[in-house]
Amino acid sequence: MIGFAKNSVAEDIANRLHVLAQLEETVPEYRRAIETLIPDPNGTINNIITRRADSNVRFLARRLNSGKLGGWANGGFSSINNGDSSSATTYGAQFGQDIQLGKSLIIGQAFGYSQTGANDEFRDFDLDNNFNMALYAQFAYPIETWDLYINTILDHGAYNVGTKRQVLSHNINSELDAEHTSWQATVGLKRGLIGFDVGFRNTNVKLGGNMDAIGQQTGALEFDNNYAVATFNLADTNGDFQWGAYIGSDFVIGGTEYETGIATAPNGQRFAFNVKTASESALTFGANMDFNLSDTISLGVSYAGLVAGDYTEHSGKIRFNWAC
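Notes on the structure follow. Everything quoted here is computed from the prediction, not taken from an experiment.

Looking at the overall build of the protein
Next, step 1: A count of helical and extended segments in the protein gives three helices and 16 strands.
Next, step 2: Within the protein, the proportion of its 324 residues that are buried is 45%.
Next, step 3: For the protein, the proportion of contacts with a sequence separation of at least 24, taken over those separated by at least 6, is 62%.

Structure representation (structure tokens):
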């Protein structure tokens, strides 16, 4: 084989692939090597970032509808399973503050950090969410016995993504930068225990280009996910105890289905591959409990779940709130 540095890992892989391709009995090994060379055909990185962004927005929507004001912080975990193709575990923390301006307007800001470990059949991924920032607001207006409200949320995060894969006994590492921007606008009604809202959310994910340890280069990718969202909420307060629950749906109404990636081998050969998007309609659900420790401090726990085709996610948080 020519076109690779002499005695390099890239040359060894290319030579061994050339030999394997000629031997019918080793076709499974050849196919596995070829599939592993492709950076991320299942869209694991995009899928995780998209779903984490959507989860952040849903949490802030629940925060806006909780009626609580002041400072808050939470820590938690999330377990993800995408059928037989991939799985992931995320740990992270968030904190923020919201205030009321006048009788009708609530505004807030939030910051967060998370760490995700993921894997599929051929690769291990490490997603370091370097920062996450969000702005959110609610405008409420009473209509007879109902309260009409409009929620708006803007969430942005940046990541460093490391990928490890083994190709024909060689460990191949690579890194890329990624980011997401997600925004949601909903309108809803609530009265007593009951509330419901509908709206729209867009989540955009950008994956930067990168070069791996054998000199294979991959171009940048961008994914756009559009959803119509609907949620039914229940919430009540009994003395120092508050509880809430919700069930909803994210309906896909457009966006990227597949994005074509371009990879360039160390010898200059280029090849294209399709990367799956995260755009699947999802059922969302969750519940929370909060206890007042004093007139200004409360402690609570919450659970959130999501099912989208073969993709399932289960998250738990411990929440701390204080009035400012």
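Still more ground to cover, so stick around.
Structural notes on the layout of surface pockets
Next, step 1: In this structure, the largest pocket encloses a volume near 760 Å³.
Next, step 2: Contributing to the lining of the largest pocket are 38 residues, with Arg62, Asn65, Ser66, Gly244 and Asn288 lying nearest its centre.
Next, step 3: When residues of the lining of the largest pocket are traced back to their parent elements, those giving at least two are helix H3 (44–65), strand E7 (194–207), strand E10 (221–238), strand E11 (241–255), strand E14 (282–292), strand E15 (297–308) and strand E16 (311–322).
Next, step 4: Taken together, the residues of the lining of the largest pocket sort by class into 13 nonpolar, 15 polar and ten charged.

Quick notes on the nonpolar core
Next, step 1: Ranked by internal contacts, the top residues of the largest apolar core, which has 20 residues, are Ile45, Ile49, Leu127, Val161, Ala178 and Leu207.
Next, step 2: Breaking this core down by element, the ones donating at least two residues are H3, strand E4 (123–143), strand E5 (146–167), strand E6 (170–191), E7, E10 and E15.
Next, step 3: Among the elements that make up this core, the one with the highest residue count is H3 (three residues).
Next, step 4: Beyond its immediate chain neighbours, meaning those up to four positions away, Leu127 contacts Ile45, Ile48, Ile49, Ser114, Gln115, Thr116, Asn160 and Val161.
Next, step 5: Core analysis: the second largest hydrophobic core is formed by eleven residues, Leu60, Ala61, Leu64 and Ala134 among them.

Overview of the environment of Val167
Next, step 1: Its place among the elements puts Val167 in strand E5.
Next, step 2: For Val167, a relative accessible area of 1% translates into the label buried.
Next, step 3: Residues Val167 and Phe122, 45 residues apart in the sequence, show an inter-C-alpha distance of 8.9 Å.

What counts, and at which threshold
- Counting restarts for each chain: residues are numbered from 1 in the order of the written sequence.
- In keeping with the model being predicted, local features are shown solely for residues with a pLDDT of at least 70 and side-chain atom pairs are shown and tallied solely at 80 or more, while totals for entire chains, interfaces and linings include all residues.
- Heavy atoms throughout the structure, all of them, feed into the side-chain values; hydrogens and water do not.
- Helix and strand definitions follow DSSP, with helices as H or I runs of at least four residues and strands as E runs of at least two, each counted in order from the N terminus.
- Each residue gets one of three labels from its accessible area relative to the maximum for its type: buried under 20%, exposed over 50%, partly exposed in between, using a 1.4 Å probe on protein chains only.
- Contacts: residue pairs with any heavy atoms within 4.5 Å of one another.
- Using a grid of 1 Å spacing that covers the protein atoms alone, one calls a set of points a cavity when a 1.4 Å probe fits there but cannot get out, and a pocket when the set is open and has protein on both sides within 12 Å along at least five of seven lines; lining residues are those with an atom within 4 Å of a point.
- Grid points are joined across faces, edges and corners, and a volume is the space filled by probe spheres set on the points.
- Residue type decides the class: Asp, Glu, Lys and Arg count as charged, Ala, Val, Leu, Ile, Met, Phe, Trp, Tyr, Cys and Pro as nonpolar, and the leftover types, Gly among them, as polar.
- Only buried Ala, Val, Leu, Ile, Met, Phe, Trp, Tyr and Cys residues count toward a nonpolar core, and they belong to the same one when joined by side-chain atoms within 4.5 Å.

Everything listed here is a matter of geometry and, on its own, says nothing about what the molecule does.
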